[in-house]
Amino acid sequence: MEGNNIDQSKAVIKMLLNFFKSSLPDASLSLITFDVTSTLTKDLNKMSLPQAESIIDKIEAGKSTFFTGALLKIKEFIDNKDFLKDLTIIFMTDGDIVI
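A quick note: this is a predicted structure, and the numbers were derived from the prediction, not measured.

## What about the packing of aromatic side chains?
Reasoning step 1: Scanning all chains against the criterion turns up two aromatic pairs.
Reasoning step 2: Measuring from ring centre to ring centre gives 6.3 Å for phenylalanine 19 and phenylalanine 20, while their planes differ by 80°; the resulting arrangement is edge-to-face.
Reasoning step 3: In this structure phenylalanine 19 comes out as partly exposed when scored by relative accessible area, which is 42%.
Reasoning step 4: Classification of phenylalanine 20 by relative accessible area gives buried; the value is 15%.
Reasoning step 5: On the basis of an interplanar angle of 40° and a centroid distance of 5.3 Å, the ring pair of phenylalanine 34 and phenylalanine 67 is categorised as tilted. Here phenylalanine 34 is found in strand β1 (residues 31-34), whereas its partner phenylalanine 67 is found in helix α3 (residues 67-79), with 33 residues between them in sequence.
Reasoning step 6: With relative accessibility at 18%, the residue phenylalanine 34 sits in the buried group.
Reasoning step 7: For phenylalanine 67, a relative accessible area of 14% puts it in the buried group.

What counts and how
Residues numbered from 1 in each chain as written. Predicted model: local features only at pLDDT ≥ 70, side-chain atom pairs only at ≥ 80, totals over all residues. Heavy atoms only, no water. Phe/Tyr/Trp six-rings, centres within 6.5 Å; stacked < 30°, edge-to-face > 60°. Buried < 20%, exposed > 50% of the residue type's maximum accessible area, 1.4 Å probe, protein only. Helix = DSSP H or I, 4+ residues; strand = E, 2+ residues; numbered from the N terminus.

Dropping the structure here:
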């Protein structure tokens, strides 16, 4: 992700974060960042706003977009859930897809 696209993506994630914090306090907003590796941050909306925004602000552009890593993290997330009523997945990328 580079330039304006990464900034727009971060802005959207922050909007989702604020929505979850204000309107869906019992829900869970987790974030998977991915490029050549993938990282899962659970319950982003349960963190303090400065802590969650700091994680979002640290997302950087400049590497490949490796969807397979993100999909494996989603599988890991689902496999580790005892109970899963609803799940919505939003993919956001501004990079070229590498499989």
